[in-house]
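Chain residues, written in single-letter form:
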Amino acid sequence: MEFIKKAQKTAESNSEKTRDIVKNILQDIDARGEDAVRELAKKFDGWEGDFILSDEKKERLISTLSQREKDDIRFAHEQVSTFARAQRESLKEFEIESTPGVRLGQRIVPMDVAGCYVPGGRFAHACSAVMSVATAKAAGVPFVIACSPPRGESIAPAVAYAMDISGADIILEMGGVQAIATMANGLFTNRPANILVGPGNGFVAEAKAMLAGSGKCGIDVFAGPTESAIIADKTADPVTLAIDLVSQAEHGYDSPVWLYTDSRKIAEQVLELMPKIIAQHPDPEVSGSSWRDYGEIILCKDREELCKVNDEYAAEHVQVIAEDLDWWLANLGSYGSLFLGEGSTVAHGDKCSGTNHILPTKKAAHFSGGLNVHKFLKIFTYQELSKEANKTFGAIASRLCRVEGMEGHARACDWRLEKYFPNEDWD
Ligand code: NAD
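Residues numbered from 1 in each chain as written. Predicted model: local features only at pLDDT ≥ 70, side-chain atom pairs only at ≥ 80, totals over all residues. Heavy atoms only, no water.

### Here's the deal with the site of the ligand
Residues in close proximity to the ligand total 29 residues, the closest being Asp45, Tyr117, Arg122, Asn201 and Thr226. In the model, an oxygen atom of the ligand is placed 3.3 Å from a nitrogen or oxygen of the glutamine 178 side chain. Per-element accounting of the shell around the ligand gives the leading share, four residues, to helix α1 (residues 15-45). Here the residues of the shell around the ligand are counted per class, giving 13 nonpolar, 13 polar and three charged. (Near = heavy atom within 4 Å. Polar contact = N/O pair within 3.5 Å; in protein donor to acceptor, adjacent residues only side chain to side chain. Helix = DSSP H or I, 4+ residues; strand = E, 2+ residues; numbered from the N terminus. Nonpolar A, V, L, I, M, F, W, Y, C, P; charged D, E, K, R; others polar.)

### Description of the pairing of strand β9 (residues 228-232)
Counted residue by residue, β9 has five buried out of five residues, so it is predominantly covered. The alternating pattern of β9 places Ser228, Ile230 and Ala232 and Ala229 and Ile231 on opposite faces, both of which are buried. As judged from the five bridges shared by β9 and strand β10 (residues 257-261), these two strands associate in the parallel manner. When the sheet's bridge partners are listed, isoleucine 230 is paired in β10 with leucine 259. In the classification by handedness, the crossover that spans β9, the intervening helix α8 (residues 238-249) and the parallel β10 is right-handed. As paired strands, β9 and strand β12 (residues 317-321) are joined by five bridges and run parallel to one another. When the bridges of β12 are listed, isoleucine 230 appears paired with glutamine 319. (Buried < 20%, exposed > 50% of the residue type's maximum accessible area, 1.4 Å probe, protein only. Pairing = 2+ DSSP bridges. Right-handed = clockwise from strand over helix to strand, strands pointing away.)

### Quick notes on the sheet that holds strand β4 (residues 113-117)
Reading across the sheet, the five strands line up as β6-β5-β4-β7-β8 and stay open at both edges, with parallel pairing between neighbours. Each edge of the open sheet carries a strand with a single partner, namely β6 (170-173) and β8 (218-219). Relative to strand β5 (residues 143-148), β4 runs parallel, the two being bridged by five bridges. Note on β5: the bridge partner recorded for glycine 115 is isoleucine 145. Along the sheet, helix α4 (residues 126-139) contacts β4, β5 and β7 (195-197); its crossing angle with β5, the most-contacted strand, is approximately 175 degrees. (Contact = heavy atoms within 4.5 Å. Axes fitted to C-alpha atoms, helices over the stretch in contact; angles between N-to-C directions.)

### Let's talk about the sheet that holds strand β14 (residues 377-385)
Overall, antiparallel pairing links the three strands, which are arranged β2-β3-β14 in an open sheet. At either end of the open sheet lies a strand with only one pairing partner, and these are β2 (94-99) and β14. For this sheet the average axis-to-axis angle between neighbouring strands, irrespective of direction, equals 20 degrees. Sheet topology places strand β3 (residues 102-110) next to β14; nine bridges connect them, and they run antiparallel.

### Describing the packing of helix α14 (residues 387-403) against helix α15 (residues 407-420)
Where α14 contacts α15, the axes come no closer than 8 Å and their chain directions differ by 155 degrees. Relative to α15, the element α14 is oriented roughly antiparallel. Every pair of crossing elements has a handedness; the one defined by α14 and α15 is left-handed. Of α15, the residues touching α14 (which contributes Lys387, Asn390, Lys391, Gly394, Ala395, Ala397, Ser398, Cys401 and Arg402) are Glu407, His409, Ala410, Arg411, Cys413, Asp414, Arg416, Leu417 and Tyr420. Here the contact of α14 with α15 is composed, by residue class, of seven nonpolar, four polar and seven charged. (Parallel < 35°, antiparallel > 145°, perpendicular 65-115°, else oblique. Left-handed = near helix turned anticlockwise from the far one by under 90°.)

### Observations concerning the packing of α1 against helix α7 (residues 202-213)
Their axes nearest at 9 Å, the elements α1 and α7 cross at an angle of 65 degrees. The crossing of α1 and α7 is right-handed. Mapping the contact onto sequence places Ser15, Thr18, Arg19, Ile21, Val22, Lys23 and Leu26 in α1 and Gly202, Phe203, Glu206, Ala207, Met210 and Leu211 in α7. Looking at the contact of α1 with α7 residue by residue, the class counts come to seven nonpolar, three polar and three charged.

Listed below in structure tokens is the structure:
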């Protein structure tokens, strides 16, 4: 492979500094609870109001939206809920009799409380509210807390509406690390979240990871600053490629976009087009900076090498604009979500096509997909052994306990063998 353009920074570039900041904030909140949260909200978001959004204020915010805006958010909600319900139905409870007298089963139980973070620093991420809250509800979570940073006097009206129609039980006007810690600890709501989900900037993503590492709650996945890759062959339209790359670079200064291609001509055309398309963007500073610092164009010799590069980078979004889409579907091994063909730009999935847009970043796609209904569900197992089954299973379990040096365990098995079959010799 050959770099036609190479990044100057990677997702790890600022991580250590971010981790230190987040660690200090979490320690402060652990020590001082709600008082610390109030101070942090003032410091980072200039917020001194109530955190819980009242019904009255919510209705006032929603009334500022046009009917078209509300209809479009409802459309996104329907599509995302339809896909999420299909995911829920794909997971089944079951019970088998593995051997006569041995009943084994699986139960699926939704978590009690989910905390959904909806980013709001740069944009009003209304669709993100749908992605997390509606998916939690499709899983059957009875209590969902949703929060987002206030922008000026309130959270964005579109975000409030999306949270509301998706079924949020409490909405908090709060952002950043303090919002994540608030949901994990049940501050202001008295309902600690069992799982924290949703995307966010580096601070938010690190806070989720640290709280999960402490064992306090689960998280969906490390869903930090957006990453997008496009795989293109010689049939792709270079203008479409450049427009799509710029569309994703607008997320933030630290949002990488990568092009992998086996066509030198395409690589060179896109390299030339990028500054022109960036210059036409209303905010060329952000996409220009992320392209300069994080953008890459990689030339590969064939499809197999393209797959290898893709799987190593494991980007959050991967678009394929190439011939033989089913070959790519069968052969790509790591990505957050896949967009096949020129008709499927990332913005479709980001907003309303139906799959979830809360997706793994920083190579987390090597071990996980994105947010889905299953993340909100606990899969429990159970068993019942008859007395008769103890004859085989109790005897073998007892011997295995002693192989492992666990005498107490062995005696629990032996006790039953002697109780149920007193006339047999169990040595
Ligand atoms: P955000 O809501 O994630 O972050 C804003 C909050 O950050 C503020 O409320 C503030 O409290 C906190 N903050 C800001 N500066 C801070 C500092 N110096 N120290 C501590 N806290 C600070 O909104 P955003 O910043 O616009 O970021 C949204 C992110 O979400 C982008 O990076 C975007 O790429 C990402 N995203 C990811 C996905 C995904 O699935 N991976 C999806 C959509 C968006």
